[in-house]
Amino acid sequence: MPTDRRSPEPREPVEPAAFAPADDDHPREECGVFGVWAAADAAALTALGLHALQHRGQEAAGIVSFDGERFHSHRALGLVGDTFSDARVIASLPGRAAIGHNRYATTGDTVLRNVQPLYADFEFGGFAVGHNGNLTNATQLRRALVRRGCLFQSTTDSEVFVHLIAISLYSTVVDRLIDALKQVQGAYSLVALTAEAMIGVRDPFGVRPLILGRLPSPAKEGGWVLASETCALDIVGASFVRDVEPGEIVVIDDNGVRSIKPWAKQASRFCIFEFIYFSRPDSVVEGTPVYEVRKRIGAELARESHVPADLVVPVPDSGVPAAIGYAAEAGLPFELGIIRNHYVGRTFIEPTDSIRHLGVKLKHSANRSLIAGKRVVLVDDSIVRGTTSRKIVEMVRAAGAAEVHMRISSPPTTHSCFYGIDTPERDKLLAARNDVAAMARIIGVDSLAFISIDGLYCAVAGVARDPARPQFCDACFTGDYPIPLVDLASPANDRQLSLLAEG
Ligand code: AMP
C-alpha cells in the first residue's frame, strides 16, 4: 500500500519560479495524453502509447509513474524515442501506474518547466496531470491566483488546474478536481494520477478526444488505459472499451471504473479538425474510423469541385486518404506525384517563415516522370498560411505539369483555434484575408476549391451542419466559437499580466 507520497524522484532541473504570461499572445498546445493503471511496466507501456501519439506533439514528452509508495517523473524536450527508448530512463520510472504527455506548443517558450505531466505535492498526496487542449480563461484565473499568492512554476495554461486544486476547500481529490474544473473554461482532456487512482476528464463540450481501453491479461481482466486516440491502444495491445464522454470524469482504481458527470448534459462539440488532419488515420475517433472519413471527404470534394485532369496526387502524408477518395470518385488515377522525405519534422513547427519555406523543400519533392505534361489535381487537407501549397505548386510546375488544380479537404481556415490546435494568429491565415480566387492566384494554381462546410459534415457525420446547433466545433472554418474566449475578450487582463511579469 502506498505509504510515502513524496515528490518525484529524481528531481528534475526546474527553472526558478517565475510569474510570466503564457507562451505567446495566446497559448496553444496540441497534445497527446496516455495513462496506465494496474499493469506491470506501466512506464514502458506509457512510452509506447506516447510514441503512437507522437503526431499530437513533438516538442517534448514526459512520464510520471507511481510505484505504490513514491512518484517518479521524467520529462524532456524532444521526441518520445529520444528520451524513453533509454532503458535506464524507463527503469527510473517503476510502478504499475503511469501517465504521460506529448507536447506540441507553438514557438517561444519550449522549456522544461512547461513539459507535462505537471506534478504537485498536495496535503492529500502527490498529483500529476497531463492536459490536451487549451483553456480560454487561464490568464484571468492565473491573475487571480497570483493575487492570492500562488507561485507559478511554468508558463503553460494547464498549471492553473494544479493551483485551483491546491486551494480548493473540498476534502477529496475528486471533489477538489471538480471544484477546479468548474472554474476553468476551454477545451481539456486530462489524464491525472494520484496514489489511489488514475483519473480521466473530458470538458463538457468534449472538444478533444479521450478514450478508455483495457490491457489483455492471461489470468484475469487486465489493467486500464486512457489515451487520446485508439492508435495508442493498438500499440500496447489494449482493446477499446469506450470514449470518455463529454463532461465525464472517470476515476479508475483497483475496484474498476467510476463515472462522475458533474455538469448538466449538453450537446457535444467535438473538434471536426481531428477528423480532417489531427488524428492518426488508423484511429477510430468518436466511433468513426478516421481513414474512412478522410476518404469520404475526398469523394465529396470530387463531387463538389470536379475538374478534368489526368492524375490525382496527394500532398503527403496528410492529403493521402482524401486523395484516394477523390480519385475513386472522379475515376482518375491516384499517383504518388510528390514524395515525402520522412526524416524531417513537420514544417509547421519551424519557428520562422523563412525556415518554414526551407522545411517544405526539405520535406517534399516532385516525382517528375509522373507529372511532366500531366493535368494534376493536388489534394491537401488544409491551407493555413499558404506556405506549403505555394511551394508544392511551384515544385509541381517546375516538374512540367501541364495544369495544376488544388483541392482542399477542409473549408477555408478563416479563424484561429483557441481550443488546442496550433494555428497562427488570424491575420496570418491566408483565407482570413483572401477569397478563393485571390488564394488561387497567390498559390499559383489553375483552380482552387475547398470542400463546403455542409459537404464536410455530410462526409463526417452523414448530415449537414445544423447552423442553430452545430454538431461539431468548426470555429476555425466558421468563427462560431462554442466556448467563450474569456481572455481574448479582456485585453486588460493581458496588459496587467505583462506588467506583473515585468514587475
Ligand atoms: P501552411 O503551409 O501554413 O498553409 O500549412 C498547411 C499545411 O500544414 C498542410 O499541408 C497541413 O497538412 C499542415 N497543417 C495544417 N494544420 C496544422 C497544424 N495545426 N499543425 C501542423 N500542421 C498543420
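Residues numbered from 1 in each chain as written. Predicted model: local features only at pLDDT ≥ 70, side-chain atom pairs only at ≥ 80, totals over all residues. Heavy atoms only, no water.

## Points about the overall build of the chain
If you tally the helices and strands in the chain, you get 19 helices and 23 strands. Looking at the chain as a whole, 59% of its 503 residues qualify as buried. Across the chain, contacts joining residues at least 24 apart in sequence account for 70% of those joining residues at least 6 apart. Of the roughly 19,100 Å² of accessible surface on the chain, a fraction of 55% belongs to carbon and sulfur atoms. (Helix = DSSP H or I, 4+ residues; strand = E, 2+ residues; numbered from the N terminus. Buried < 20%, exposed > 50% of the residue type's maximum accessible area, 1.4 Å probe, protein only. Contact = heavy atoms within 4.5 Å. Areas by Shrake-Rupley, 256 points an atom, 1.4 Å probe, with all protein chains shown as cover.)

## Here we look at the site of the ligand
Around the ligand, the surrounding shell holds 18 residues, and the nearest of these are Asp 380, Asp 381, Arg 385, Gly 386 and Thr 388. The contact in question runs from an oxygen atom of the ligand to an N or O atom on the side chain of Asp 381, over 2.6 Å. Contact with the protein chains removes 96% of the 500 Å² of surface that the ligand exposes when unbound. Contributing elements (two or more residues each) for the shell around the ligand: α8 (273-278) and α13 (387-398). For the shell around the ligand, the class distribution of residues is 7 nonpolar, 5 polar and 6 charged. (Near = heavy atom within 4 Å. Polar contact = N/O pair within 3.5 Å; in protein donor to acceptor, adjacent residues only side chain to side chain. Nonpolar A, V, L, I, M, F, W, Y, C, P; charged D, E, K, R; others polar.)

## What to know about the pattern of salt bridges
All told, the structure shown has 19 salt bridges when counted by the stated rule. Lys 391 is the salt-bridge partner of Glu 394, the closest N and O atoms lying 3.6 Å from each other. Taken together, the residues span about one helical turn, with Glu 394 and Lys 391 both in helix α13 at a distance of 3 residues. Overall, the relative accessible area of 15% leaves Lys 391 in the buried class. It is possible to trace a salt-bridge network through shared partners that takes in Arg 56, Arg 208, Glu 229 and Glu 274. (Salt bridge = Lys/Arg side-chain N within 4 Å of Asp/Glu carboxyl O.)

## Some remarks on the UniProt feature "active site" (unreviewed entry) in the chain
Under the present numbering, the feature "active site" (unreviewed entry) in UniProt falls on Cys 31. Along the polypeptide, Cys 31 turns up in strand β1 (residues 29-37). We classify Cys 31 as buried; its relative accessible area is 0%. Once residues within four sequence positions are removed from consideration, Cys 31 is found in contact with Arg 56, His 101, Asn 102, Arg 103, Tyr 104, His 131, Asn 132 and Ser 228. (UniProt positions renumbered as here; feature names shortened; annotations may be inferred.)

## Section: the sheet that holds strand β6 (residues 125-135)
The antiparallel open sheet is built from 6 strands, whose spatial order is β5-β6-β7-β8-β12-β13. Of all strands in the sheet, those with a lone pairing partner are β5 (118-122) and β13 (256-260), marking the two edges. Shown here is a sheet whose adjacent strand axes are inclined to one another by a mean of 20°, direction ignored. Examined bridge by bridge, β6 and strand β7 (residues 186-194) share 9 bridges and lie antiparallel to one another. When the bridges of β7 are listed, Ala 128 appears paired with Leu 193. The strands that helix α6 (residues 173-181) touches are β6, β7, β8 (198-202), β12 (249-253) and β13; relative to β8, the one it contacts most, it runs at about 20°. (Pairing = 2+ DSSP bridges. Axes fitted to C-alpha atoms, helices over the stretch in contact; angles between N-to-C directions.)

## Quick word on the packing of aromatic side chains
Under the criterion given, the structure shown has 14 aromatic pairs. Ring centres of Phe 71 and Tyr 119 lie 5.3 Å apart, and the angle between their planes is 55°; this geometry places the pair in the tilted category. Placement of the pair is Phe 71 in strand β3 (residues 71-77) and Tyr 119 in strand β5, with a sequence separation of 48 residues. Where Tyr 277 meets Phe 278, the ring centres are 6.4 Å apart and the plane angle is 20°; that geometry is what we call stacked. The partly exposed category is assigned to Tyr 277, whose relative accessible area is 21%. Members of the aromatic cluster, joined through ring pairs, are Phe 270, Phe 275, Tyr 457 and Phe 472. Directly above the ring of Trp 224 sits Arg 214, whose terminal nitrogen or CZ lies 3.7 Å from the centroid. (Phe/Tyr/Trp six-rings, centres within 6.5 Å; stacked < 30°, edge-to-face > 60°. Lys NZ or Arg CZ within 6 Å of the ring centre and 35° of its normal.)

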